[in-house]
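Below, each chain spelled out in residue letters.
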Amino acid sequence: MRKDFLWGGATAANQYEGGYNENGKGLSIADVERGSQLGVTRQIDDRVIEGVYYPSHVATDFYHNYKEDIALFAEMGFKCYRMSIAWTRIFPRGDEEKPNEEGLKFYDDVFDELLKYNIEPIVTLSHYETPLVLVQEYGSWRNRKLIDFFVNYAQTCFNRYQGKVKYWMTFNEINATLASPRPWHQAGIVYQENEDRWQTAIQASHHMLVASAKAVKLAHEIDPHNQVGCMLLIPESYAASCSPEDQIARRNKMALTFYYGDVHVRGRYTNTCQSLWKKYHTKVQMAKDDEKVLSEGIVDYIGFSYYFSSIEGKDLQQVEGNVFTGGKNPLLPATQWGWQIDPLGLRSVLNELYDRYQIPLFIVENGMGAVDSVEDGQIHDDYRIDYLKQHIQALKDAVEIDGVDLMGYTPWGCIDLVSASTGEMKKRYGFIYVDKDDQGHGTLKRMKKDSFYWYKKVIASQGEDLS
Ligand code: BG6
């Protein structure tokens, strides 16, 4: 393992921060999303409707508790903390030229607090929180104008936080744009009825890839110490059988992810990408310089999320998962939300990604959503410890035996937060419990779970002591 291995945890503004309309913040698409139940897409309103509960509005209130929370991260020994900046805190509409100073100041305070404890901030610029004005007035990433708006936002952040933030990621799970499109996808697109979703998603992806490449180039120009990664959701899949057709089905599934990896890392649309255009009868409208821009904005590392695996083949029973779904694997156990637990799959994807791209990798999300119960002020989450232990062992094997270059590990939702797929609170990932329920009731009091003490030991021993 690297000596400077970045142990930490991960969150996103729209699921954790709250303060949705404070100090000049504008609405993002997440601020008009209602909660739902397992398997049902979350409903998006066109405005905030009085009396309706929107989970992002308070979330678990990092906005007012950041000092207390960061102190808890420090107590666990975090070397880094992955978070996102809410775009609408900096540009409330998304299309302004000048940023909102109060929004910028909030993140200054957060970064200063982290640095006080020598915790390195790892910052995602866009994590499922496209400004609502850009969605409603511009059609979101369908519209090429978003490239300039995003680049202005990115440049503002790189300039303002120079010397405080070194590690950046542009779009969270950018490949979610091409997965069975749900409206809350990274692209913030609410699809119309009868819309050719593949064409829209491919074109929107192009705009995002160009925006990302421009941001990467700018980040390097502003400060050569900056390291900018892409962020991919890895839907590890196996062929359902030894039939060659199932192998090809598996390959096709992974191609939806490599589509983005290839452009981010190789700086061009490869044969993998072009074959997808053919398969879905899509055409990418490019401006004159776009290919040059892509080739100049190659990322420094690949950040990725890994939660589960599934199988590909014919007539399979489908299982739940984050954005990408797949077939049920009879050999694997699953979480209470049906996500199949597969630590060895993590070792496998680390190898596959590193073999393909040969640049450093960073596991920026991993974890198990589970219902926790509080007994006498204690939370005995041995199931979470077990899940994380197995995944850390798998990543260690990938590094120490297979030679993969891995920068760090930030388990998802290191403190309880709102679930992205369902908006629930009861689906918890944290080492730190937050008292809040699915209707938004609770004191927001923080409590350490058993996994808090366990992870502290893991970090202190550099991953040696997993007991
Ligand atoms: C990832 C997202 O897809 O999965 C996170 O980047 C999300 O935002 C995480 O929270 C876990 O998904 P869920 O639906 O359990 O919150």
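Computed from a predicted model, the values in this text were never measured in an experiment.

Peer 1: Describe in detail the pattern of salt bridges, supporting the description with residues and values.
Peer 2: Overall, the coordinates contain 38 salt bridges when judged by the stated rule. The salt bridge partner of R160 is D108, with a shortest N-O separation of 2.7 Å. Here R160 is found in helix 6 (residues 145–160), whereas its partner D108 is found in helix 4 (residues 101–116), with 52 residues between them in sequence. Assessed through its relative accessible area of 28%, R160 is described here as partly exposed. According to the relative accessible area criterion, D108 is buried, its value standing at 9%. In this structure, R347 and D397 form a salt bridge, with 3.8 Å as the shortest nitrogen-oxygen distance. A residue pair is termed long-range when its members are at least 10 positions apart, and R347 in helix 11 (residues 343–357) and D397 in helix 12 (residues 382–400) qualify at 50 residues. What you see here is one network of salt bridges that share partners, running through D372, D381, R384, D416, R428 and K449.

Peer 1: Give a detailed account of the site of the ligand, specifying residues and quantitative values.
Peer 2: With respect to spatial proximity, 15 residues lie near the ligand, and among them E173, A420, S421, K427 and Y429 are the closest. In this structure, an oxygen atom belonging to the ligand sits 2.8 Å away from a side-chain N or O atom of H127. Taking A420, its main chain carries an N or O atom lying 2.7 Å from an oxygen atom of the ligand. Isolated, the ligand exposes 380 Å² of accessible area, and the fraction of that covered by the protein chains is 99%. Taken together, the residues that form the shell around the ligand break down as 6 nonpolar, 6 polar and 3 charged.

Peer 1: Describe the sheet that holds strand 1 (residues 6–10), listing the residues and the values that go with them.
Peer 2: Here we have 8 strands rolled up into a closed barrel, ordered 1-2-3-4-5-7-11-12, and parallel in their pairing. Direction aside, neighbouring strands of the sheet carry axes that sit 30° apart on average. Two elements, strand 11 (residues 361–365) and strand 12 (residues 406–409), share 3 bridges in a ladder whose sense is parallel. By the bridge assignment for strand 12, F362 is matched with G408.

Peer 1: Any chance you could break down the nonpolar core for me, citing the residues and the numbers?
Peer 2: F73, W141, F304 and Y455 are the most contacted members of the largest nonpolar core, which has 134 residues in total. Tallying contributions element by element places helix 7 (residues 197–222) first for this core, with 13 residues.

Peer 1: Before we move on, could you go through the side chain of D223 and cite the residues and values that matter?
Peer 2: Looking at the element boundaries, D223 is found in the loop between helix 7 and strand 5 (227–233). An unpaired buried charge is present at D223: no salt bridge exists, and K166, the closest side chain of opposite charge, is 9.0 Å distant. Discounting residues that sit within four places of it in the chain, D223 has contacts with Q162 and G163.

Thresholds applied
- Residues numbered from 1 in each chain as written.
- Predicted model: local features only at pLDDT ≥ 70, side-chain atom pairs only at ≥ 80, totals over all residues.
- Heavy atoms only, no water.
- Salt bridge = Lys/Arg side-chain N within 4 Å of Asp/Glu carboxyl O.
- Helix = DSSP H or I, 4+ residues; strand = E, 2+ residues; numbered from the N terminus.
- Buried < 20%, exposed > 50% of the residue type's maximum accessible area, 1.4 Å probe, protein only.
- Near = heavy atom within 4 Å.
- Polar contact = N/O pair within 3.5 Å; in protein donor to acceptor, adjacent residues only side chain to side chain.
- Areas by Shrake-Rupley, 256 points an atom, 1.4 Å probe, with all protein chains shown as cover.
- Nonpolar A, V, L, I, M, F, W, Y, C, P; charged D, E, K, R; others polar.
- Pairing = 2+ DSSP bridges.
- Axes fitted to C-alpha atoms, helices over the stretch in contact; angles between N-to-C directions.
- Core = buried A, V, L, I, M, F, W, Y, C linked by side-chain atoms within 4.5 Å.
- Lys, Arg positive; Asp, Glu negative; His and termini not counted.
- Contact = heavy atoms within 4.5 Å.

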